[in-house]
Every structure is written in C-alpha cells, then in structure tokens.
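Each chain, letter by letter, is given below.
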Amino acid sequence: MQIENSGVGRILRQLRWVLYPRRCPFCDRVLGSVSACPDCKEELETLRRRPTFRLARERHYIKNLEGAAAPYRYAGCVRRGVLRAKFQAAPWAADELGVEMARLLFGSKVRMRGFGPEVETVPGLAIGYNCVVPVPASSRVRGYNVPERMARSVARAVGVPLEPRLLVRARSGKRQEGLSFDERLVNVSGAFRVTDPERVAGKRILLVDDVITTGATVTACTQALLAAGAESVFAVALATVELDTPRSPTEAILENSEEDF
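Reading the values: the criteria
- Residues numbered from 1 in each chain as written.
- Predicted model: local features only at pLDDT ≥ 70, side-chain atom pairs only at ≥ 80, totals over all residues.
- Heavy atoms only, no water.
- Helix = DSSP H or I, 4+ residues; strand = E, 2+ residues; numbered from the N terminus.
- Buried < 20%, exposed > 50% of the residue type's maximum accessible area, 1.4 Å probe, protein only.
- Areas by Shrake-Rupley, 256 points an atom, 1.4 Å probe, with all protein chains shown as cover.
- Salt bridge = Lys/Arg side-chain N within 4 Å of Asp/Glu carboxyl O.
- Polar contact = N/O pair within 3.5 Å; in protein donor to acceptor, adjacent residues only side chain to side chain.
- Contact = heavy atoms within 4.5 Å.
- Pairing = 2+ DSSP bridges.
- Right-handed = clockwise from strand over helix to strand, strands pointing away.

Caption draft 1: Highlighting the overall build of the protein. Scanning the protein from terminus to terminus reveals 7 helices and 9 strands. Counting across all 261 residues of the protein, residues that qualify as buried make up 50%. When the accessible surface of the protein is split by element, carbon and sulfur atoms take 50% of a total near 12,600 Å².

Caption draft 2: Quick look at the pattern of salt bridges. This structure, assessed with the given rule, holds 12 salt bridges. With a shortest N-O distance of 2.7 Å, Arg-48 and Glu-45 are connected by a salt bridge. We classify Glu-45 as partly exposed; its relative accessible area is 37%. Several salt bridges converge on common partners, so that one network encompasses Glu-45, Arg-48 and Arg-50.

Caption draft 3: Just the side chain of Arg-48, in detail. Mapped onto the elements, Arg-48 comes out in the loop between helix 2 (41–47) and strand 1 (67–69). Residue Arg-48 is classed as buried on the basis of its relative accessible area of 18%. Here the side chain of Arg-48 touches Glu-45 through a polar contact of 2.7 Å, side chain to side chain. Here Arg-48 is in contact with Phe-53, Pro-71, Tyr-72 and Leu-104, once residues within four sequence places are set aside.

Caption draft 4: Structural view of the pairing of strand 9 (residues 232–240). Burial within strand 9 is extensive, with 9 of its 9 residues counted as buried. In terms of strand pairing, strand 2 (residues 72–73) meets strand 9 through 2 bridges, oriented parallel. Looking at the pairing, Arg-73 lines up with Thr-240 of strand 9. The sheet contact formed by strand 8 (residues 204–212) and strand 9 spans 8 bridges and is parallel. Counterpart to Ile-205 in the pairing with strand 9 is Val-233. Read from strand 8 through helix 7 (residues 216–227) to strand 9, the crossover connection turns out right-handed.

Caption draft 5: Highlighting the environment of Pro-197. For Pro-197, the location among the structural elements is in the loop between strand 7 (192–194) and strand 8. Looking at Pro-197, the relative accessible area reads 41%, which means it is partly exposed. For the pair formed by Pro-197 and Ala-224, sequence separation is 27 residues and the distance between their alpha carbons is 9.9 Å.

Caption draft 6: Main features of unusual backbone geometry. Across the junction of Arg-50 and Pro-51, the peptide omega takes the value 5°, indicating a cis bond. As for its placement among the helices and strands, Pro-51 is situated in the loop between helix 2 and strand 1. In this structure, Asp-28 takes a positive phi of about 75° despite not being glycine. Tracing the chain through its elements places Asp-28 in the loop between helix 1 (7–19) and helix 2. Within the chain, Asn-64 stands out as a residue other than glycine whose phi angle is a positive 70°. By the secondary structure assignment, Asn-64 is in the loop between helix 2 and strand 1.

Geometric values such as these leave the question of function open.
In structure tokens:
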C-alpha cells in the first residue's frame, strides 16, 4: 500500500497544510481550500490585458516567434506575486502562478485536490504543440526555476510533455536592468543552447517565461530552438511590461528592474 493513498498519507497531508497553509501568491493571504483570493480579485481584473492576450509585434521584439501572449500587465499585485516567487524562496507561489496562466491562457478548469489547485487538460490543445519548454534559470542560487514551476501546469493543461532540460544557458550575461533595447539583444545573443537537438527537431514548442519585457530573452531562446531544428515556437508568460517604444536603441528600459538574466 502506498503511503500517499493511505490513512497515514492523509494525516501527513493535513499536517502539512496546518504547518504550511496554502497562501495567495499575490498578497500572501492564507487561502486553505479556497480556490481564489477574494482580496485580489478586483485588482487582478484591472490588470488583465484586453481585448487580447497576444503581444503586439510593434511593441515587443519577438523575432522568429510564431507569437507570444500574457494575460496580465506587470504591475500591482501581479508584480508582487512574481517577486515573491523569485526572491522570497516561495516555489509554491510559482506553482500557483502557473495555475493562473493555465486557467487564463488555455481555459483550463481548476479543481481543488486536497488543499491545492490542479489544472485539467483541455481537449484538443495538444494538436498545436509537441512539448513545453521553460526559459532556463538565471542562476542556481534560488534552488528552483520559476518558469519551470509555472510551466508544469501549462504542460498539464495543454496535454504535452514538459521538457525542462532541453534548453540551457550557454553562458552567463549581466542583468538586463537599465540596459537599452539594443544592449539587451546583445546581452542575450547566443546565451542559450539546446542539449539534445534530436528531441527538438520538427517540434512545435510552447516556451514559458514569468515576465516578458522587450522580448529579447524569449527571442534568444527561440533562436536556439529553431537553430536546433524546431518547427515553431510560441511564447507565453504570466505578465508583460507594455513599452511604448521597445525598439529604442538608446533609452534604458527600467520598467522591469527585477528582470534577471
């Protein structure tokens, strides 16, 4: 008998939620088995990108990408949620944000399993993609990769495999904070490589990041995937910084000062 399904397993799960209760990734309120935070509902609605989640090519650099999408603007409680996941040793927050991505971007239904949310696979989505690939972590200091944790729910919603080790960083770059648009492109050029080109060849890939600012990072990832033989790449993120002039060669981009590389 497996412990997970036994009486002991149920007791251990209950003890876990007593000691480490489920919290809202956006405001840190204890949620328990409540599916969504009532305190953040109104603000999240104001941060929702409309009328479409797709990123406009004239406002982002998404060269060679089939397209890109993000449901939220990177501000307010959404920004705080991303920062909590990235800088407050909160992998659980990244998991919750991934559920939100799957719900909004792909229409996945969310059900509570025990005390935690779990997304359901949406029939037919797998026709468009072969696998989900997260943007690699900028360093190993955090101990987990935020885009990878978020990508787990995305892969489950779409119904395709998650491939967290197909794309890795070939070299380190300096932080993107304060760099102009052109400097960002140079900073990420050649920064990623594919570990197993045979597993990429001919694949339609869904690339997952936490925040898309100019699009330089997801474009660099896409270049590496296409060079390895991928058929196409579509990028998704929880949020985006909507720039008026992302192509400016001289203006420093400070809106997403927490973006790491």
